[in-house]
Amino acid sequence: MTGDVPKDWLRAGATLCLAVVVAGCAARPPIRKVVVETPSAWTSPMGEGVSPQSARLDTWWTHFHDAQLTHLVERALNANLDIRIALARVREARGQAGVEASTQRPNLSAAASTQRLRGGLPQGIGRITNLPGISSETGIFQLGFDASWELDFFGGTRLLTLATREDARAAEEAMHGIRLMTAAEVARIYIDLCGAQQKLALVRQQLQIQGDILELTRTRFQAGLTSQLDVTRAAAQWEELRAAVPPLEAGIRDSLYRLSVLVGTPPGTLAEPLTESASRPMSPPEIPVGLPSDLLQRRPDIRQAEAELAAALARLGAARTDRFPKFALTAGVGRQATSVAGLTLGAGNFFAAGPTVRLPILTGGRIRNQIAVRDAQTEQAALRYEQTVLRAFEEVERALVSYLREGERRRALAAATEEQRESARLAEVRYASGLEDFTTVLEARRGQLSSALDQIESETQQLRQAVALYKALGGGW
């Protein structure tokens, strides 16, 4: 009997060696080619405000040269709750990758048990017979160790580990995407706040001037130099200006509350510091757009889609390995006795060791269908990657056109505002000389204010488009 054991071990070893030879290079995921045509250059012509050079955009918000904006963005990147949730998801994905990786290593566990047995003992230690005056029950104490190790010859476990690592990489890229969106949202709301502050300051300035004109008109009416109609028109324009103040104030408070939440503080926390400093105008930055191929490395959503495709391919490969045998080594050793003191004796020793092989024969189509599921999921991931890349190109093209065209509009409105200002000055001079009626003065004032408000709105809109272009280019990661 003793001579048969080495032969069994030799046969088991030969079986394992044969499995290694059959498996070959198994731990490689399938290859799924995704071809996305990348343009060599942007279709929109370069203009004032953009350059074709490539540059680092990791701190693009500093290009606006606004210390308050830089402070807010950096504060949001450190305290925003969406970003903190994304970081927790990254830790979760990394932990899951570690759990999956642990399945490639041997497992060792210890166990201790006690039980009451009637009629005999396991492991062949002895058997209690029913004798007069002797109980047929006895206690059993057992202490031992169990070890197991699945030999991943066909690479299924390694491919699943690779898939979870790619899941963790996708979670990291998703977190980078949330950081980018948070920075862009802070910049956009801050720009809106600045625009609203500038409009409010302009309206209040015009309201004061119109109030002076109203008082002057009333004085002239009392002196018989003008009509009641002029007084009524001046009062109506003053009321129109006064009615424009509450919506602007409400918009400012709304932006302040939104910024407070984005930086992880209760609404209203930032009200006082920003009310005084946010009215400074900002200049549109010079944006380096680089080449379309740069997006493949810059955009977090593209890198996330790439990681998701790699994970899907790895899971497809793991599903295919389910058609092959599974090999494992198991071992157990321990002691058993009828008392705690007996655990130190040698009579109760036991051990077991040997390889196991599992080969799927009849699974009701489960493996085949699981492969079909993974293959369909891989195809979806490949199509999502292609879609993400194409949408990235589209976003940059649209943001680039909007930024350039809004710049042209802003410059035209600036010239129009200067003309309206001069027109209002000339109308007042001619009215004082009796060459124009009061209606001309009011219309000139109204035109000057409207043009100035349009200019501020255009400047704000171009700054918004700058943020959108930076975001489309994948800046901030």
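Source: prediction; values computed, not measured. (Residues numbered from 1 in each chain as written. Predicted model: local features only at pLDDT ≥ 70, side-chain atom pairs only at ≥ 80, totals over all residues. Heavy atoms only, no water.)

So, the confidence of the model for the chain
So, point 1. Of the residues in the chain, 85% have a pLDDT of 70 or more, and the chain-wide mean is 83.
So, point 2. Of all helices and strands in the chain, the one with the weakest mean pLDDT is helix 1 (residues 4-23) (44), whereas helix 9 (residues 300-321) scores best (93).
So, point 3. Between residues 1-6, whose pLDDT stays under 50, and residues either more than four places distant or in other chains, the model counts 0 contacts.
So, point 4. Across residues 9-25, where pLDDT falls below 50, the model places 15 contacts with residues more than four positions away in sequence or in other chains. (pLDDT = per-residue confidence, 0-100. Helix = DSSP H or I, 4+ residues; strand = E, 2+ residues; numbered from the N terminus. Contact = heavy atoms within 4.5 Å.)

Observations concerning helix 4 (residues 156-222)
Counting along an α-helix, one turn takes 3.6 residues, and residues three or four places apart therefore face a common direction.
So, point 1. With 67 residues, helix 4 ought to run about 99 Å at 1.5 Å a step, and its terminal C-alpha atoms sit 97 Å apart, in line with that.
So, point 2. Directly after helix 4, the chain includes Gly 224, whose backbone phi takes a positive value near 80 degrees. (Expected span 1.5 Å × (residues − 1).)

Quick word on the packing of helix 4 against helix 9
So, point 1. With their axes 8 Å apart at the nearest point, helix 4 and helix 9 run at an angle of 165 degrees to one another. If you check the angle between helix 4 and helix 9, you find them roughly antiparallel. Note that helix 4 runs across helix 9; the crossing there is left-handed.
So, point 2. Taken together, the residues of the contact of helix 4 with helix 9 sort by class into 13 nonpolar, 7 polar and 8 charged. (Axes fitted to C-alpha atoms, helices over the stretch in contact; angles between N-to-C directions. Parallel < 35°, antiparallel > 145°, perpendicular 65-115°, else oblique. Left-handed = near helix turned anticlockwise from the far one by under 90°. Nonpolar A, V, L, I, M, F, W, Y, C, P; charged D, E, K, R; others polar.)

Side note on the nonpolar core
So, point 1. Residues Trp 60, Phe 64, Ile 287 and Leu 469 are the most contacted members of the largest nonpolar core, which totals 63 residues.
So, point 2. Broken down by secondary-structure element, the contributors of at least two residues to this core are helix 2 (67-79), helix 3 (81-102), helix 4, helix 6 (245-262), helix 9, helix 10 (366-432) and helix 11 (438-472).
So, point 3. Those residues in contact with Phe 64 that sit more than four places away from it in its chain are Leu 69, Ile 191, Met 282, Ser 283, Pro 285, Leu 463, Ala 466, Val 467 and Tyr 470.
So, point 4. The next biggest cluster of nonpolar side chains, apart from the first, holds 10 residues, and it includes Ala 424, Tyr 431, Phe 438 and Val 441. (Core = buried A, V, L, I, M, F, W, Y, C linked by side-chain atoms within 4.5 Å. Buried < 20%, exposed > 50% of the residue type's maximum accessible area, 1.4 Å probe, protein only.)

Remarks on a nonpolar patch on the surface
So, point 1. Among the surface-exposed residues, Leu 108, Phe 145, Val 333 and Phe 351 lie close enough to one another that they form a single nonpolar patch of about 470 Å² accessible area.
So, point 2. As for its position among the elements, Phe 351 is in strand 6 (residues 349-358).
So, point 3. Judged by its relative accessible area of 70%, Phe 351 is exposed. (Patch = residues over 30% accessible without salt bridge, like charges linked within 9 Å, V, L, I, M, F, W, Y side chains within 5 Å. Areas by Shrake-Rupley, 256 points an atom, 1.4 Å probe, with all protein chains shown as cover. Salt bridge = Lys/Arg side-chain N within 4 Å of Asp/Glu carboxyl O.)

Quick look at helix 6
So, point 1. With 18 residues, helix 6 extends 26 Å between its outermost C-alpha atoms, agreeing within 8% with the 26 Å of an ideal straight helix rising 1.5 Å per residue.
So, point 2. Restricting attention to buried positions, one finds in helix 6 the residues Val 245, Leu 248, Ile 252, Ser 255, Leu 256, Leu 259, Ser 260 and Leu 262. On an axial view of helix 6, the arc spanned by its buried residues comes to 165 degrees, and they lie on one face. For helix 6, the exposed residues lying more than 90 degrees away from the buried face are Pro 247 and Asp 254.
So, point 3. Trailing helix 6 by a residue or two, Gly 264 shows a phi angle of about 80 degrees, which is positive. (Arc of directions from axis to C-beta.)

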